[in-house]
Structure formats: structure tokens, C-alpha cells
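Residues per chain, in single letters:
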Amino acid sequence: MIKLKGKSVFNDVCIGKIHFYRRARSVIKRYHVSDTEAEVKRFHDAQAEGLRELQELHEKAVKSVGEADAAIFEVHQMMMEDQDYTESVENIIRTQEINAEYAIGTTADNFSSMFLAMDDEYMRGRAADVKDISDRLVRILSGAGRDNELEDDRYIIAADDLAPSETVQLDKSKVMGFILQQGSASSHTAILARSMGIPAVIGLGGDLTEEADGKTAIVDGASGEVIIDPDEETLDKYRKIKKGYDERKALLAQLKGRETVTLDGQKIKIFANIGSPADVAKVMENDAEGIGLFRSEFLYLQSEDFPGEDTQFAAYRQVAENMAGKKVIIRTLDIGADKQCAYFNLEHEENPALGYRAIRICLTRPEIFKTQLRALYRAAMYGNISIMFPMIISVSEVRKIKQICEEVKASLKADGIPYKDDVELGIMIETPAAALIADDLAQEVDFFSVGTNDLTQYTLAIDRVNRKLDPFLDTHHPAVLKLIKMAADSAHKYGKWIGICGELGADPELTRTFLKMGIDELSVSPSLVLKLRDQVIRTDMREEL
Ligand code: PEP
Ligand code: MG
């Protein structure tokens, strides 16, 4: 029995088998081969296996996401057996007498640089694909197998760290918990764990090794303890603790259908945050009053290429229809920083969190932005959709956005496509700049939603994904609370409403503070909605604390 200690992300307990997440090795070793023909055959065998895998993936994807989005796997098949690509790998093996993995890596680098140098945006996008098929071949050659495709059981996923793009691609129905060597509480992986309502412990450090793969473990999301190979006595203890959690969940379930109002009658709406249409089930199950943040970039992260207008329209429409008239706030894509998406081909940056991200990408690559806005205005016909824009720092950005929205509506009109004209438009207050000029911004938009994750990172100069800074992080820092109050006062001064959709909104120690500021809505992980309602209905604002 081994006990590890990390930081808790979601308070629940699970007991199950560990599956260690593996990714293709990024460093490929170069070694000499004397029998080059045998090496070429190794490459051809891997190619055949790769094509088989892609064929299978294509068939699965046709069933789950439809023909149009599944087509990327056909493109990958074509690229994998492309004559130029194949000849390049064979030539490098034969002339340099080196291993297939290295020849594939070199070919991938050459081809992707060639694609990146092209003028055509579509062709530039192929650079990521050639890397992708090459990684697949290298993984097959390394004999790693298709490790991250989980069998039918549910697992505790263990990893050094998980990027948001990796987390969203996991089959969530098979994940019962996360344990990570690294990670920080406001990273998107932690946010996903919270929204899935599963126990997660991060920051376990190097004591969590691949030796744990396949072993039974207990994840205690309250204490931050992970127990590998527990003895019977410990298992028994935790089965009882788990039962306690289940009973508490059953008690909270009784709050479904109850109004969220304090003992002295102050109302506040409790909405939920989602990352994909599939999450709506959890929103309903937990009786959230609306969706306060749909992180639309997760649609992009889940996809192998830019999701087209029709694909996005179908996703937004599905969410709007399933929410049956309840408010659905969809945030336009917030790619960049820790949410990296290969086919955007973003250049490496020294400070990505302060870099080319979110609305900055949308305003400089309007073709991407307009595709999304067209899908949103069309989907708004089918429910109560509001659109929200991330990372705003100035009034001029908001004016530019509104002008693009008008252009999008005009193009839909010209195309004879039905759309909703008067969609509510809001912005995220997640930079200190936005909070400080909230008075001006409030006159431009219909609502604000405070992104406390980024607002905290930018106000305190604390990188939200850097675990080393945890000792410096005061999530209740008065500077952050002061900025939220400023934004709330400005919103109300101009008759606008304000919500909070960052993780701080769910902090029970701040519920009273937010009620006092007159915050109109709190949007939290679906799994925390009823807990927060419980907190509100026990609060009496007449009491002086
Ligand atoms: C935030 O910054 O608080 C927020 C809600 O957006 P994200 O976590 O996706 O950056
Ligand atoms: Mg943010």
C-alpha cells in the first residue's frame, strides 16, 4: 500500500483501476541500421497498421459525428499512403542507413515546413496533419499500442499532466477520476474534472510513477490523498466514506426545483458551465437555471480541423433546444495560452497567457470568427442564446465586434438564411483593464460575466497553470474582489446584469460577498450547482457577520 499526497480539485471519492495516459514520445532516437530493406519493411508494416487504425476511426466517427466531420480521417489515410511521403521515408532509411522512426520524424518536419510556407490557409492547416500521421506511425513502431483508447471499464486516469485538448478527447463515460503529477487548481483539466463531478487530485509529483498502471487505487478528492494498492481495511473505510458522499448527494438532490433565494428573499440565479453539447445532461440533472458559459473552444479542441458553420450550428442548436427556453450563454472561441489547438498553427510565444489568444485571434482572423458568429445567429432561432466575448480590454474591440456581428447578420440576410436579429451580447470581465473601464464597457453591451480564473491570474501576476506559485495565490485577494465590485457597480449603473463564470463563483466562503455586491448570476460546474443553492438558501443577509 502506497500513500501519495496532492491537492484536491473535487471532493468525492472513487475506487478503481489506474490507467496511465501515454502520448507518443516527442524525442525520437536516431540509430544506425545495417539491413535497410528490413527497416523499410518495418515502415511499410507500420503504415499498413496505421491505415487500418484510421479506417476504424473513420467508421466510428461517421457514426458519432457524421460524414462531414469524419472526413478528416480519410484525409489522414490519403496522406499516410501518399507517394511523396512514402518515398521520402524510404530514401532517408536507405541513404542514411537509419531507423524508420527517425526517417519519419525528418520527413514530418520537412513536409510540415513546406505546408506552413504555402499561401493557402487550407494547405497551411495540413502541417498539423502530417505531424499527426507521423506521430501515429512512430507510436506504432514503438509498440506502444493504442493506449489511450479505454476498454469497457471505468478508470482512474493518471498522467504527468494533461492538456485541455487531451482531456476533452478522453471518453468521459470511462473516466472515474484523475490523478496528475502536475496541474493547478484553475487549469482547464481541473475545471473539466469539476464539471464532470469526479474526484481529482493534482500535484502528486514524481511519486506517481508508471508502475501504478493497472493497480487498484483510492482517490480521496477531499484530503488530496491517493492510496495505491490499498489493504482490505483501508478499502472498507473508504467504501463507507464513499457511501457518505452518495448520501449527501441524495440530500442535495432534494433541492432540485427549489428557487435559489436567501432566507431574507434575495434572489440569485445559478447557472452551469459546459464544454460540449453532451454536458447538457449534467446541467439538467443538477437543475441549473441556465448555462452561464459554454466554452465553445472545446468544440475546436475536440476536432481535427476547423469545425464548419453547419457543424457548429448543429451543436449550438442542440444545446439551445435541449435547454428549452432557458438562457444559454455561448462564449466565442477562446483558443490560445493553455488551450492550444494544432491546426490553428499558432507560433510559439514566450508568454502565451499574455499573447495571441481568444478575441485577438478572432479579430485578426475574421474568417474564423465570422463562421462561428453565423452559426450562433442561426442557432439563436432555436432557443434563448446570448453571445459572450472573451479577453476584452477595450471599448474599440467591443465596437469592432459589434460591427462584425452586423456584417454577419447582413450576410445571412443576403443568403436568405434564417437568423435571430436581437441576440443579447455580453463580454467577459477577465482582465483588470476591463474591470477598470467597466463604466464605458457597460454602455456598449447587454451584460458582463466575470472570468475570475483569468482576472485573478492577470491581477496578481500569477500564472494559473504554474503549481509552484500556489503558496503565493490568495484566491480571496482584496484586489480581485475590488475589481469584481467595480464591474458590478458599473453594470448596475447602466441597467445591465452581471454574472460570475470563473471558478470563484462556486466558493461558498464568498457567496455572501457576491450577494452583497448584487451579482445577478453565478455560473459553476454542473456538479456544484446544488451545493451552491444549498449555500444560498441558508444565507440570511440581515445577519451581520
Ligand atoms: C475565466 O477566465 O475565469 C473563465 C471563465 O474562462 P476560462 O477559464 O475558460 O479561461
Ligand atoms: Mg478566461
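Things to note about the coordination of the magnesium ion (ligand 2)
1) Next: Within the protein, Glu430 (OE) and Asp454 (OD) serve as the donor atoms for the magnesium ion (ligand 2), at 2.0 to 2.1 Å. Note that Glu430 is positioned in the loop between β13 (424-429) and α15 (432-436) and Asp454 in helix α17 (residues 452-460), a separation of 24 residues in sequence. In this pair, the class of Glu430 matches that of Asp454, namely buried.

Some points on the site of ligand 1
1) Next: Lining the immediate environment of ligand 1, one finds 16 residues, of which Arg295, Arg331, Gly451, Asn453 and Arg464 sit closest.
2) Next: For ligand 1, an oxygen atom lies 2.8 Å from a polar atom in the side chain of Arg331.
3) Next: The contact in question runs from an oxygen atom of ligand 1 to an N or O atom on the backbone of Gly451, over 3.3 Å.
4) Next: When isolated, ligand 1 has an accessible area of 290 Å², and the protein chains bury 100% of it.

Considering the sheet that holds strand β4 (residues 155-159)
1) Next: Read from one edge to the other, the open sheet built from eight strands follows the order β1-β8-β7-β3-β4-β5-β6-β2, with strand pairing classed as mixed. If you trace the sheet from one side to the other, it starts and ends with β1 (2-5) and β2 (7-10), each paired once. Taken over all neighbouring pairs, the strand axes of this sheet differ in orientation by 30° on average, direction set aside.
2) Next: Alignment of strand β3 (residues 13-20) against strand β7 (residues 216-220), held across five bridges, turns out to be antiparallel. Looking at the pairing, Cys14 lines up with Val219 of β7.
3) Next: Helix-sheet contacts for helix α8 (residues 232-253) involve β3, β7 and β8 (225-228), and the interaxial angle to β3 is about 115°.

Side note on the pairing of β8
1) Next: Two elements, β1 and β8, share four bridges in a ladder whose sense is antiparallel. In the strand pairing of β8, Ile2 is matched with Ile228.
2) Next: As paired elements, β7 and β8 share four bridges and run antiparallel to each other. Along β8, the bridge assignment pairs Ala217 with Ile228.

What about the pattern of salt bridges?
1) Next: Within the structure shown, the criterion is met by 44 salt bridges.
2) Next: The residue Asp454 makes a salt bridge to Arg357 at a minimum N-O spacing of 3.5 Å. With Asp454 in helix α17 and Arg357 in the loop between β11 (327-331) and α12 (359-364), this residue pair connects regions lying 97 residues apart in the sequence.
3) Next: For Arg357, a relative accessible area of 2% corresponds to the buried category.
4) Next: The shortest N-O distance in the salt bridge between Arg542 and Asp540 comes to 2.9 Å.
5) Next: Its relative accessible area of 59% is what places Arg542 among the exposed residues.
6) Next: The class of Asp540 is buried, set by a relative accessible area of 11%.
7) Next: Bridged by salt links that share partners, the residues Glu297, Arg331, Asp334, Lys339, Arg357, Asp454 and Arg464 form one connected network.

Overview of unusual backbone geometry
1) Next: One non-glycine residue with positive phi stands out, namely Glu97, at about 50°.
2) Next: Tracing the backbone through its elements, the reader meets Glu97 in the loop between α3 (83-96) and α4 (100-116).
3) Next: A relative accessible area of 35% places Glu97 in the partly exposed class.
4) Next: Not every positive phi belongs to a glycine, and Asp229 is a case in point at roughly 55°.

Let's talk about the state of the cysteines
1) Next: Throughout the structure, instances matching the rule amount to zero disulfides.
2) Next: With no disulfide of its own, Cys362 has Cys405 as its nearest cysteine by sulfur position, at a separation of 11 Å.

Remarks on the sheet that holds strand β15 (residues 497-500)
Backbone hydrogen bonds hold the strands of a sheet together, and the pairing may be parallel or antiparallel.
1) Next: Read around the closed barrel, eight strands run β9-β10-β11-β12-β13-β14-β15-β16, paired in parallel fashion. Averaged over all neighbouring strand pairs, the angle between strand axes comes to 30°, with direction disregarded.
2) Next: As defined by bridge partners, β15 adjoins strand β16 (residues 521-524) across two bridges and the pair is classed as parallel. Of the residues in β16, the one forming a bridge with Ile500 is Leu522.

A word on the pairing of strand β9 (residues 269-274)
1) Next: The buried count for β9 comes to five of six residues, which makes it a mostly enclosed element.
2) Next: Note that β9 and β16 share four bridges and pair parallel. Each bridged residue has a counterpart across the sheet, and for Ile270 the counterpart in β16 is Leu522.
3) Next: Pairing geometry for β9 and strand β10 (residues 291-295), over three bridges, is parallel. Paired with Ile274 across the two strands is Phe294, which belongs to β10.
4) Next: Each parallel crossover has a hand, and for β9 linked through helix α9 (residues 280-285) to β10 it is right-handed.

Cut-offs used in this document
- Residues numbered from 1 in each chain as written.
- Chains lettered and ligands numbered in written order.
- Predicted model: local features only at pLDDT ≥ 70, side-chain atom pairs only at ≥ 80, totals over all residues.
- Heavy atoms only, no water.
- Donors = N, O, S within 2.8 Å, 3.2 Å for Na, K, Ca; no water.
- Helix = DSSP H or I, 4+ residues; strand = E, 2+ residues; numbered from the N terminus.
- Buried < 20%, exposed > 50% of the residue type's maximum accessible area, 1.4 Å probe, protein only.
- Near = heavy atom within 4 Å.
- Polar contact = N/O pair within 3.5 Å; in protein donor to acceptor, adjacent residues only side chain to side chain.
- Areas by Shrake-Rupley, 256 points an atom, 1.4 Å probe, with all protein chains shown as cover.
- Pairing = 2+ DSSP bridges.
- Axes fitted to C-alpha atoms, helices over the stretch in contact; angles between N-to-C directions.
- Contact = heavy atoms within 4.5 Å.
- Salt bridge = Lys/Arg side-chain N within 4 Å of Asp/Glu carboxyl O.
- Disulfide = S-S within 2.5 Å.
- Right-handed = clockwise from strand over helix to strand, strands pointing away.

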